[in-house]
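# Geometric and topological summary
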Amino acid sequence: MAEFMELEGQDGVRMPWNVVPGTKQEASNCVVPVSAIYTPIKTFPNMPVLPYAPLRCRNCRSVLNPFSIVDFAAKIWICPFCFQRNHFPPHYASISDENLPAELFPQYTTIEYQSPGEASSVPPVFMFVVDTNIIEEEMAFLKSALSQAIGLLPDNSLVGLITFGTLVHVHELGFSTIPKTYVFKGSKDVSKDQLLEQMNFFLIKPKPPTGVIAGARDGLSSESIARFLLPASDCEFSLNSILEELQKDPWPIPTDQRASRCTGTALSVAASLLGACVPGSGARILAFVGGPSTEGPGAIVSKNLSEPIRSHKDLDKDSAPNYHKAVKFYEGLTMQLVHQGHVLDLFACALDQVGVAELKVAVERTGGLVVLAESFGHSVFKDSLRRVFRSEDKELGLSSNGIFEINCSKDIKVQGILGPCASLEKKGPLCSDTIVGQGSTSAWKMCGLDQATSLCLVFDIVKKELPDATLQSSSNQFYFQFLTYYQHSTGEMRLRVTSLSRRWVAGPGSIQDLIAGFDQEAAAVVMARLVSFKMEIEAEFDPIRWLDKALIHICSRFGDYQKDSPSSFSLSPRLSIFPQFMFNLRRSQFVQVFNNSPDETAYFRMILNRENVANSVVMIQPSLVSYTFQSAPEPALLDVAAIAADRILLLDSYFTIVIFHGSTIAQWRKAGYHNQPEHQAFARLLQAPRDDADAIIKERFPVPRLVICDQHGSQARFLLAKLNPSATYNSEGNHPGGDIIFTDDVSFEVFLDHLQRLAVQ
Ligand SMILES: [Zn+2]
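Residues numbered from 1 in each chain as written. Predicted model: local features only at pLDDT ≥ 70, side-chain atom pairs only at ≥ 80, totals over all residues. Heavy atoms only, no water.

## Description of the overall build of the protein chain
Definition in use: Strands are runs of DSSP state E lasting at least two residues, helices are runs of H or I lasting at least four, and both sets are numbered from the N terminus onward. The globule rule used for comparison is 2.2 Å times the number of residues to the exponent 0.38, while the radius of gyration itself is calculated over C-alpha atoms. Note on exposure labels: buried denotes an accessible area under 20% of the residue type's maximum, exposed denotes more than 50%, and partly exposed covers the range between, all computed with a 1.4 Å probe on protein chains only.
Along the backbone of the protein chain there are 22 helices and 28 strands. Relative to its length of 761 residues, the protein chain is compact, with a C-alpha radius of gyration of 28 Å against a globular reference of 27 Å. Dimensions of the protein chain along its principal axes, counting C-alpha atoms only, are 80 × 80 × 60 Å. Across the 761 residues of the protein chain, 56% fall into the buried class.

This is the structure we're talking about:
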């Protein structure tokens, strides 16, 4: 695995197949598709940033890279993608094998170009859209979090404020003495023209473009824009006083009704206002939603409390009356936002569902952030929001206005991307007929992206048959190039170029090569994104059957065994953990959706779809560490047998971190032993998992939930649900840790047993 992580450390790429199956048939036998998880703007401390424009192939537009063949005498380079011969321009005249430009250094397969003189002076824009139909206590939490966030905004950023409940209020921040708002009905969608008219936008005679604000070219004067979007440094006072005055929505709520909440209309007004003011420049809508949308377009449930909010069962039976209508509305909003280049970030904090499942399309395709918590007072929300703006811990590196493009060797096509991006519908010879996610294009918009954003690119090998042996020996490399244009958090435009080469194999004898290049972690993550995607779009899709079939197929193709002899079965170390990943994926929140609400499922999948391989693996198969007096902290098997009375366990399942005290440890802690000077070793034992949990929490966005619990306590379920049920109420014999899991799920041993029997058939 180390070598794959080294490759990731150089290029931000992990591929299930690092030796690529070379023909269409071969690739389909490999089950896990030829694919890559790519982190386009991952930080590399030693990556060169070149202060000049890239050289491009005059035929296919790919960028000069270390895989290009260079003829120094003739001053020519040959493009590895289309074999075009390109002349170097005059300013490369001094090039020689001793005097290479950085982009040809073999180690600089990932490099960045910065456009000289193109540093944008457009400041970042934040439009706060705040739910006011929440109980007083939540309102107080939210106000305090918001005013803290406003204090952390970069001084030059432009800020706007919209509040909503029954109605939508657009706050004019330009007049601090007399607070002024424009009010819109929540029940009806407002078009951009209606919005502009109602807000008297055109009463001021349009001026020719003057300022730096992009909206000026749309005919809006910077004065009119400045009524609603003000530099943070100028409006901190007025914004805070508006927040202070902010009241809970005044409309009475009958006891048998839900609060009236027009989330869809509020977001639509926000999008249109940004579209009028700052089209094409990096702007984010930060939506703070404290309950289900019940009013106007995008409503997920009626106000009548006797009608429950849709569950997975309702969606399955297609009996959620508002679902499709709401999704359709948000798809429209998504198109508008993508067109304008703007991002929707969602902070959903409520005990109820708020409609994350319906809003998913808008958040995901614009590359927005999403945080789901039970309350605006919960650390998951508060600390995550602070992390968006504060850079002293791990910086998110929020960037904007991204466009992602791919070039590859001609025997490879692109099926699509699973991840936070939107198709730019650039069709061409590179596009496969099979479509996965955002497909039928070779260019994608990434309105918002950050250092963690990771795309899953799915490829198609189109070479039909084996080339003859002579050809195979001359060129058995596939090339890939990923191009990301984006606005760096400093404001300047950058182009990140990653060029990759992978050897392909075909025919008899290629199995050992394929195995040697198999990255089982990357494979598990690709399968997790694929199965989630299929569950969302394919009716009647059976995820367990699909995963089992895939796993059996892989084991029977790549395992070592004698036919019909299960006991002879073994897997190379390269594949040996893969069955365990699939076992845990089957049990994970991505597949067992009925244990969660549709909002939670949407949330888990949005995070899976934007994270890198290491983080996604933790979501699929949580990590477990054991702390005892006898030894240093060590990894423990994710099994109920790991529980012991004198042990502390630290479970990291990505969204939740659990510190679990065995019953003896819990007794000692309750007796206060750790406070006694003679029991310092115990105090240290108690503290160690806390420190390790804190270190994880500091690194992660959204901030995970921390659960501290005791064996046999009610919160222990957070740990038990993730453990392999090797001991259940069905199993016999004694259980050393004294814990059993109440489940009918099969244990990993039974699963493996079945797998081996089926694989050798
Ligand atoms: Zn070319």
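## Focus on the packing of aromatic side chains
Selection criterion: Centres within 6.5 Å make a pair out of two Phe, Tyr or Trp rings, where for Trp the six-membered ring is used; the pair is then stacked when the planes are under 30 degrees apart, edge-to-face when over 60, and tilted otherwise. Whether a charge lies above a ring is judged from NZ of Lys or CZ of Arg, which has to be within 6 Å of the ring centre and within 35 degrees of the ring normal.
Evaluation of the coordinates by the stated rule reveals 34 aromatic pairs. With centroids separated by 4.7 Å and ring planes inclined at 45°, the aromatic side chains of Trp17 and Phe518 adopt a geometry described as tilted. Residue Trp17 is located in the loop between β1 (13–14) and β2 (20–21), and its partner Phe518 is located in the loop between α13 (511–516) and α14 (520–537); the two are separated by 501 residues in the primary sequence. Judged by relative accessible area, Trp17 falls into the buried class, the value being 1%. With a relative accessible area of 1%, Phe518 lands in the buried category. Aromatic side chains Phe404 and Phe482 sit 6.1 Å apart centroid to centroid with 45° between the ring planes, which places their arrangement in the tilted category. Of this pair, Phe404 sits in strand β17 (residues 399–408) while Phe482 sits in strand β22 (residues 477–487), and the two are 78 residues apart along the sequence. We classify Phe404 as buried; its relative accessible area is 0%. Taking NZ or CZ as reference, Lys463 lies 3.7 Å from the ring centre of Trp504, over its face.

## Describing the sheet that holds strand β24 (residues 623–627)
Let me state the cut-off plainly: Two strands qualify as a pair provided DSSP detects at least 2 bridges between them. The criterion used for residue contact is that any of the two residues' heavy atoms lie within 4.5 Å. Note on geometry: axes are C-alpha line fits, over the in-contact stretch for helices, and angles between N-to-C directions span 0 to 180 degrees.
One open sheet holds the five strands; their spatial order is β25-β24-β26-β27-β28, and the pairing between them is mixed. Strand pairing shows two members of the sheet lacking a second neighbour, β25 (634–635) and β28 (705–710), which therefore form its edges. The pairing of β24 with β25 spans two bridges and is classified as antiparallel. In the sheet register, Ser626 faces β25, and the bridge partner there is Glu634. The sheet strands contacting helix α19 (residues 663–670) are β26 (648–652), β27 (656–661) and β28, and the helix crosses β27 at an angle near 80°.

## Some words on the pairing of strand β15 (residues 342–349)
Burial analysis of β15 places eight of its eight residues in the buried class, which makes it a mostly covered element. By the alternation rule, side chains of β15 split into His342, Leu344, Leu346 and Ala348 and Val343, Asp345, Phe347 and Cys349, which are all buried. Where β15 lies against strand β16 (residues 370–373), four bridges are found, and the strand directions are parallel. The partner of Phe347 across the bridge, within β16, is Val371.

## Observations concerning the coordination of the zinc ion
Quick reminder of the rule: Shown as donors are all N, O and S atoms within 2.8 Å of a metal ion, widened to 3.2 Å for Na, K and Ca; because water is not in the atom set, sites may appear incomplete. A site with four donors is called tetrahedral when every donor-metal-donor angle falls between 85 and 135 degrees; four donors are called square planar, and six octahedral, when opposite donors sit more than 155 degrees apart and all other angles fall between 65 and 115; any other arrangement is irregular.
Coordination of the zinc ion by the protein comes from Cys57 (SG), Cys60 (SG), Cys79 (SG) and Cys82 (SG), over a distance range of 2.2 to 2.4 Å. One way to put it: the four donor atoms around the zinc ion meet at angles of 100 to 118°, and that makes the site tetrahedral. Expressed as a motif, the donor residue spacing for the zinc ion is C-x2-C-x18-C-x2-C. Of this pair, Cys60 sits in the loop between β4 (49–50) and β5 (69–71) while Cys82 is found in the loop between β6 (76–78) and β7 (85–87), placing the two residues 22 residues apart along the sequence.

## Re the sheet that holds strand β3 (residues 35–38)
The strand order across the open sheet formed by four strands is β1-β3-β21-β18, and the pairing between neighbours is antiparallel. The open sheet has two free edges, formed respectively by β1 and β18 (412–418), since each of these has just one partner strand. Note that β18 and strand β21 (residues 455–461) share six bridges and pair antiparallel. Bridge pairing in β21 places Ile412 opposite Ile461.

## Focus on the UniProt feature "domain: Gelsolin-like" (unreviewed entry) in the protein chain
Short version of the rule: UniProt positions are given in the numbering used here, feature names are shortened, and annotations may be inferred rather than shown by experiment.
Taking the UniProt record as the reference, the feature "domain: Gelsolin-like" (unreviewed entry) is found at residues 632–719. Strand forms 22% of residues 632–719 and helix 35%; the C-alpha atoms that close the span are 21 Å apart.

## A closer look at the environment of Asn584
By the secondary structure assignment, Asn584 is in helix α16 (residues 578–587). The spatial distance from the C-alpha of Asn584 to the C-alpha of Met619 is 9.6 Å, given a sequence separation of 35 residues. With residues up to four places along the chain from it excluded, the contact list for Asn584 reads Ile620, Gln621 and Leu638.

## Re the pattern of salt bridges
What counts is decided by this rule: A pairing counts as a salt bridge when a side-chain nitrogen of Lys or Arg comes within 4 Å of a carboxyl oxygen of Asp or Glu.
Within this structure, the stated rule accounts for 29 salt bridges. The salt bridge involving Glu112 is made with Arg494; its shortest N-O contact spans 2.4 Å. Here the residue Glu112 occupies a position in strand β8 (residues 110–114), and Arg494 occupies one in strand β23 (residues 493–505), the gap between them amounting to 382 residues. A residue is classified by how much of its surface remains accessible, and Arg494, at 12% relative accessible area, is buried.

## Points about the side chain of Lys463
Going by this rule: Pairing of N or O atoms within 3.5 Å defines a polar contact, subject to two protein rules: one partner must be a possible hydrogen donor and the other a possible acceptor, and residues neighboring in sequence count only if both atoms are side-chain atoms.
By the secondary structure assignment, Lys463 is in the loop between β21 and α12 (469–474). Here the side chain of Lys463 touches Asp411 through a polar contact of 3.4 Å, side chain to side chain.

## Quick word on helix α10 (residues 356–365)
The buried fraction of α10 amounts to nine of the ten residues, a majority that puts the element mostly inside the structure. Inspection of α10 places Val356, Ala357, Glu358, Leu359, Lys360, Val361, Ala362, Val363 and Glu364 among the buried residues, and these make up the whole buried set. Where α10 is buried, its residues touch α7 (263–277), α9 (323–340), β15, β16, α14 and α17 (598–608). Gly367 lies just past α10 and shows a positive phi near 70°.

## Side note on the side chain of Thr39
Residue placement: Thr39 occurs in the loop between β3 and β4. Relative accessible area serves as the criterion here: at 4%, Thr39 is assigned to the buried category. In contact with Thr39, not counting residues within four places along its chain, are Gly12, Gln451, Ala452, Thr453, Ser454 and Asn612.

## Here's the deal with the packing of α9 against α10
Selection rule: Should an angle lie under 35 degrees it is considered roughly parallel, over 145 roughly antiparallel, and from 65 to 115 roughly perpendicular; all remaining angles are considered oblique. In this scheme the handedness of a crossing depends on how the near helix is turned from the far one: anticlockwise by less than a right angle means left-handed, clockwise means right-handed.
Viewed as axis vectors pointing N to C, α9 and α10 meet at an angle of 15°, and their least axial separation amounts to 8 Å. On the basis of the axis angle, α9 is roughly parallel to α10. Crossing hand, α9 versus α10: right-handed. Contacts from Tyr323, Ala326, Val327, Tyr330, Glu331, Thr334 and Val338 of α9 reach α10 at Ala357, Glu358, Leu359, Val361, Ala362 and Arg365.

## Details of the nonpolar core
Note the following rule: Side-chain atoms within 4.5 Å are what join buried Ala, Val, Leu, Ile, Met, Phe, Trp, Tyr and Cys residues into a set we call a nonpolar core.
Judged by nonpolar contacts, the single largest core of 137 residues is most densely connected at Phe404, Ile406, Leu457, Phe459, Phe482, Phe578 and Leu585. Top element by residues in this core is α14. It accounts for ten residues. Residue contacts for Ile406: discarding those within four places in its chain leaves Val414, Leu430, Ser442, Trp444, Leu457, Phe459, Gln481 and Phe482. Of all hydrophobic cores here, the second largest spans 37 residues; its members include Leu146, Ala149, Phe288 and Val371.

## So, unusual backbone geometry
The peptide bond linking Phe701 to Pro702 adopts the cis configuration, its omega dihedral lying at -10°. Summarising the element assignment, Pro702 is placed in the loop between α20 (680–699) and β28. In this structure, Arg61 is a non-glycine residue whose phi angle is positive, near 70°. Locating Arg61 in the fold gives a position in the loop between β4 and β5. The phi angle at His712 is positive, at roughly 70°, despite the residue not being glycine.

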